[in-house]
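Overview (structure and organization)
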Amino acid sequence: MRLTTLTTAALAAVVGCAGLAAVTALPASGSTTATSSMAADFSGYQIVKLPNANVPNFTRRVVRCPAGKRAVGGGAEAQGNRAILVGSFPTEDGGGWYGIGRQDGYNDVGISVYAICADVG
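Overview of the structure. (Residues numbered from 1 in each chain as written. Predicted model: local features only at pLDDT ≥ 70, side-chain atom pairs only at ≥ 80, totals over all residues. Heavy atoms only, no water.)

Relative to strand β7 (residues 96-103), strand β6 (residues 83-90) runs antiparallel, the two being bridged by 7 bridges. If you follow Ser88 over to β7, its bridge partner there is Gly99. Between the antiparallel neighbours β6 and β7 lie 5 residues, among them Gly94 with a positive phi of about 75 degrees. (Pairing = 2+ DSSP bridges. Helix = DSSP H or I, 4+ residues; strand = E, 2+ residues; numbered from the N terminus.)

A few words now on a nonpolar patch on the surface. Together, Phe58, Ile84 and Val86 make up an exposed nonpolar region whose accessible area comes to about 260 Å². Within the secondary structure layout, Phe58 lies in the loop between β3 (42-56) and β4 (61-64). (Patch = residues over 30% accessible without salt bridge, like charges linked within 9 Å, V, L, I, M, F, W, Y side chains within 5 Å. Areas by Shrake-Rupley, 256 points an atom, 1.4 Å probe, with all protein chains shown as cover. Salt bridge = Lys/Arg side-chain N within 4 Å of Asp/Glu carboxyl O.)

So, on to the sheet that holds β7. Pairing between the strands of a sheet comes from backbone hydrogen bonds, and it takes one of two forms, parallel or antiparallel. Ordered by their spatial adjacency, 3 strands build an open sheet running β4-β7-β6, and the pairing between neighbours is antiparallel. The strands lining the two open edges of the sheet, one partner per strand, are β4 and β6. The average undirected angle you get between the axes of adjacent strands in this sheet is 20 degrees. (Axes fitted to C-alpha atoms, helices over the stretch in contact; angles between N-to-C directions.)

On to the state of the cysteines, then. In total, this model carries 1 disulfide according to the counting rule given. In this model, Cys65 is linked to Cys117 through a disulfide, with the two sulfur atoms separated by 2.1 Å. Residues Cys65 and Cys117 share a disulfide whose torsion about the S-S bond is about -80 degrees; that sign makes it left-handed. Taken as a pair, Cys65 in the loop between β4 and β5 (70-79) and Cys117 in strand β8 (residues 108-120) lie far apart in primary sequence, 52 residues in all. Considered together, Cys65 and Cys117 belong to a single accessibility category, that of buried residues. (Disulfide = S-S within 2.5 Å. Buried < 20%, exposed > 50% of the residue type's maximum accessible area, 1.4 Å probe, protein only.)

Have a look at this one:
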C-alpha cells in the first residue's frame with residue numbers, strides 16, 4: 001500500500017498523534033523497514049462536529065473546518081433503527097468532511113459528521 005502525505009497525516013491524526021514531529025511511511029512493498037520520513041505539522045489541531053440531524057436518505061451532510069485549516073481525517077455516524085452509513089469522505093477541497101446515510105423502512109436518517117482539522121504545513 002502506498003501512503004500519500006495526506007493519508008499519512010490522516011493516519012497520524014486518527015491515532016491521536018497531534019504533537020507528532022515526523023511520520024514514517026512504509027515502502028509500497030509492504031516491508032516493515034522504513035525508507036523515508038515526512039514531517040507533519042499538526043498545529044491548531046481541532047475536532048469539529050456537526051450534531052445529529054434527520055435528513056432525507058442519501059442526503060450529504062457536510063462539516064467544514066474553520067478558516068485556514070484543512071481536514072486531516074474525519075468520520076460520520078448514521079443513527080436510527082436500521083440506519084446504515086453509506087459514505088464518509090473528505091470534501092473535494094479538503095476543507096471539510098461529508099457523511100451520507102440511509103435508514104431501511106424510513107424516508108430519513110440521523111447523520112452526525114466529524115472532521116479532524118489542523119493547520120497543515
